[in-house]
Amino acid sequence: MIPQLIRKTLKGFTLSTSLFISVLVCAEQQEAIVVGAGMAGLTAAYELEQRGYKVTVLEARDRIGGRIGTLDMGDQHGEIGGELIDHPRVHTLVNQYSDDFGVELVDTGYWGKIEEGAYYIDGQLIPYGSLKRELGLLVRQDQIRFHNELDKLGELITDSADPRTSPNAAMLDNQNVQEWIDNLNLHPTAKMLAEHYVRAEFDDADNVSLLYMASQYKIYGKVGDNESEILRFLHGGRDFANAFASRINGPILLNHVVTAVNQPNSGGVIVKVGNKSFAGDVAVVTVPSTVLNKIKFNPALPATQKEAADNLNSGTQNKVLLQYSKRFWLDYGLGGDTVSDGQIGWTWESTERQEGEGGILVAYFSGSYADAQIEWTDEEVIQDKVDQIEQMYPGSTQYLVDTSAHLWHRDPYTMGGFLAYAPGQMMKYWGVFLEPAGNVYFAGEHTDDEHIGFIEGAVRSGVRVAKQIAGE
Ligand SMILES: Cc1cc2nc3c(=O)[nH]c(=O)nc-3n(C[C@H](O)[C@H](O)[C@H](O)COP(=O)(O)OP(=O)(O)OC[C@H]3O[C@@H](n4cnc5c(N)ncnc54)[C@H](O)[C@@H]3O)c2cc1C
């Protein structure tokens, strides 16, 4: 494959074979500097090399993977960030690369054998299937009504690749999801669960654009329970990241915090890591929008891109991993999922396909539940989750063997969870990072036009940017 710059050179000229070869050799020297070794950066680097580019990856942390990170806890492991993958029909690229690279994806849960999980409402643990019996028909009916309304919302979007083109798009964008939920007049318990759901998937409902949620339901509305979050990497997400890294020939330099990206008049880019410089023809910047403006761009980014990086709303999504020597939730006939009305948010088990008597429970808390603990120490946050699990499953603390907190909003290279467009932001900023700023291109989950906030979105953006640079 001949990269774009050379295709342009060849256009309109007849070249002798030797000149053609020397141009091709020159083409192989086209160099891309990729900023960030999360899944967007790793995919971009891999795909650019497939297209003949020479690649250098600069990563701030001492590890690759970014918001995918696998943590060993004794003989088991858990995920501090991205974890669950949808059916290949939905998360197509993650499944496809996993197949191609021999990365094992396995199913989650205890399908069919026991109840997957429970609600914890007003101090009562209620298995998912018993909601109607325990809390009444109205709650269950309103829960179904909420999900039907979500589907209807998705139908308002005519083109998920550009939701701004839908009828009444501006009006929907200016409305927040909380107003929409309020107008549904749900039973208070169904309303609490609806708000909880939005908080987990995006951010607090009053902080999410209704147009954004509609655009997500255009895509995810038709995804069934048997297709959603049904897979995870058997050996951890790091296996997926490593599979890319081991296939990238160029250097992946860790502990390299990019401080500036310059585009000199002479052409190309110079990417600065403190006093060190890396020269290339193009740069691919994959850092989350929340930390983009920590990098100094010279010339400055176009105003809308800079403004988008300053303003785009990231949800706060945090995790505490709690390892227990016994899977005590199985004694309750439950798979470890809990949806609580308290600040713990959600729990689930990460280790169903891992050996051992014990298991790791994830406590996943987001939006205001996470923001409320912004000043807390890790130890305080962990203790809070241990205590809430003890309340839900009395006696559980005696089995606790290890814990670990991952508060992504405090992480200097993430400073948030993932993009969730706030009211008014879709009409202003949708697609703003799809356009390069000169020789500076952008990738990352926040630049995808479908699977924003997912590993799939990060991978898709890496493929998109490689094709864009190669002029495909
Ligand atoms: C708690 C949590 C749970 C999640 N759960 C799921 C899930 O179950 N399923 C799912 O599909 N997705 C999930 N996600 C989302 C998913 O993890 C992300 O969408 C995806 O990993 C983002 O990849 P990325 O490459 O766009 O960004 P990142 O992974 O953030 O990569 C960007 C990289 O840039 C680096 N960087 C930042 N600044 C600099 C700098 N100045 N110089 C050099 N490098 C820099 C960072 O260190 C990082 O490695 C979750 C996310 C979180 C936070």
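None of these values were measured; they are calculated from a predicted model.

What follows deals with the pairing of strand β7 (residues 124-127). Where strand β6 (residues 115-121) and β7 come together, 4 bridges link them in antiparallel fashion. Looking across to β7, one finds that Y119 is bridged to I126. Connecting the antiparallel pair β6 and β7 is a turn made up of 2 residues, with D122 showing a positive phi of about 50°.

Attention now moves to the site of the ligand. As a matter of local geometry, the ligand sits amid 41 residues, with G36, G38, G66, G82 and A458 nearest to it. Elements supplying a minimum of two residues to the shell around the ligand: α3 (39-50), β15 (317-324) and α18 (455-470). Taken together, the residues that form the shell around the ligand break down as 20 nonpolar, 13 polar and 8 charged.

Here 7 strands make up an open sheet; going across it, the order is β7-β6-β16-β17-β18-β15-β19 and the pairing mixed. Of all the strands in the sheet, the pair left with one neighbour each is β7 and β19 (400-406). Neighbouring strand axes in the sheet, compared pairwise and without regard to direction, differ in orientation by 20° on average. This element, helix α9 (residues 188-201), spans β6, β16 (334-340), β17 (346-349) and β18 (359-366) of the sheet and lies at about 100° to β18.

Attention now goes to unusual backbone geometry. Of note, the amide linkage connecting N298 to P299 takes the cis form, showing an omega dihedral of 0°. Tracing the backbone shows P299 in the loop between β14 (296-298) and α13 (303-311). One non-glycine residue, D122, lies in positive phi territory at about 50°. With 9 C-beta atoms packed within 10 Å, D122 lands in the exposed category. A positive phi angle, close to 50°, is found at N185, a residue other than glycine. Position of N185 relative to the elements: it lies in the loop between α8 (177-183) and α9. Assessed through the 10 C-beta atoms surrounding it within 10 Å, N185 is described here as exposed.

Okay, the pairing of β18 next. Among the 8 residues of β18, 7 are classified as buried, and the element is accordingly described as predominantly covered. Relative to β18, β15 runs antiparallel, the two sharing 8 bridges. Counterpart to Q317 in the pairing with β18 is S366.

So, about the nonpolar core. One finds V35, A283 and V284 to be the most contacted residues of the largest nonpolar core, which totals 123 residues. Those residues in contact with V284 that sit more than four places away from it in its chain are A32, V34, V35, A44, Y441, A443 and V465.

Our next topic: α13. Listed in full, the buried residues belonging to α13 are Q305, A308 and A309. The buried residues of α13 all sit within an arc of 95° when viewed along its axis, so they share a single face. Projecting away from the buried face of α13 at angles above 90 degrees are the exposed residues A303 and D310. The secondary structure elements touched by the buried residues of α13 are α12 (289-292) and α17 (425-429).

Looking now at the packing of helix α4 (residues 92-101) against α18. At a minimum axis separation of 8 Å, α4 and α18 run at an interaxial angle of 75°. Classed by the angle they form, the pair α4 and α18 counts as roughly perpendicular. Note on element contacts: α18 touches α4 through I455, E456, V459, R460 and V463, opposite L93, V94 and Y97. Among the residues forming the contact of α4 with α18, the class breakdown is 6 nonpolar, no polar and 2 charged.

To continue, consider the domain arrangement of the protein chain. For the protein chain, the domain assignment lists domain 1 (4-60 + 237-311 + 437-470) and domain 2 (115-220). Put simply, the middle of domain 1 and the middle of domain 2, counted by C-alpha atoms, are 37 Å apart.

Our focus in this paragraph is the packing of helix α6 (residues 137-155) against helix α10 (residues 210-220). Look at α6 against α10: their axes get within 7 Å of each other, and the N-to-C directions meet at 95°. The orientation of α6 relative to α10 falls into the category roughly perpendicular. Contacts between α6 and α10 involve L150, D151, L153 and G154 from the first element and M213, A214, Y217 and K218 from the second. Along the lines of polarity and charge, the residues of the contact of α6 with α10 split into 5 nonpolar, 1 polar and 2 charged.

Another point: α18. When the terminal C-alpha atoms of α18 are compared, their 23 Å separation across 16 residues agrees well with the 22 Å that a helix rising 1.5 Å per residue should span. With 13 of 16 residues buried, α18 is to be regarded as a mostly interior element. With its phi angle positive at about 70°, G471 sits one or two positions after the end of α18.

Conventions and cut-offs
- Residues numbered from 1 in each chain as written.
- Predicted model: local features only at pLDDT ≥ 70, side-chain atom pairs only at ≥ 80, totals over all residues.
- Pairing = 2+ DSSP bridges.
- Helix = DSSP H or I, 4+ residues; strand = E, 2+ residues; numbered from the N terminus.
- Near = placed C-beta within 6 Å.
- Nonpolar A, V, L, I, M, F, W, Y, C, P; charged D, E, K, R; others polar.
- Axes fitted to C-alpha atoms, helices over the stretch in contact; angles between N-to-C directions.
- Contact = placed C-beta atoms within 7 Å.
- Buried ≥ 20, exposed ≤ 12 C-beta atoms within 10 Å, placed from the backbone.
- Core = buried A, V, L, I, M, F, W, Y, C linked by C-beta atoms within 7 Å.
- Arc of directions from axis to C-beta.
- Parallel < 35°, antiparallel > 145°, perpendicular 65-115°, else oblique.
- Domains from an automatic or database assignment.
- Expected span 1.5 Å × (residues − 1).

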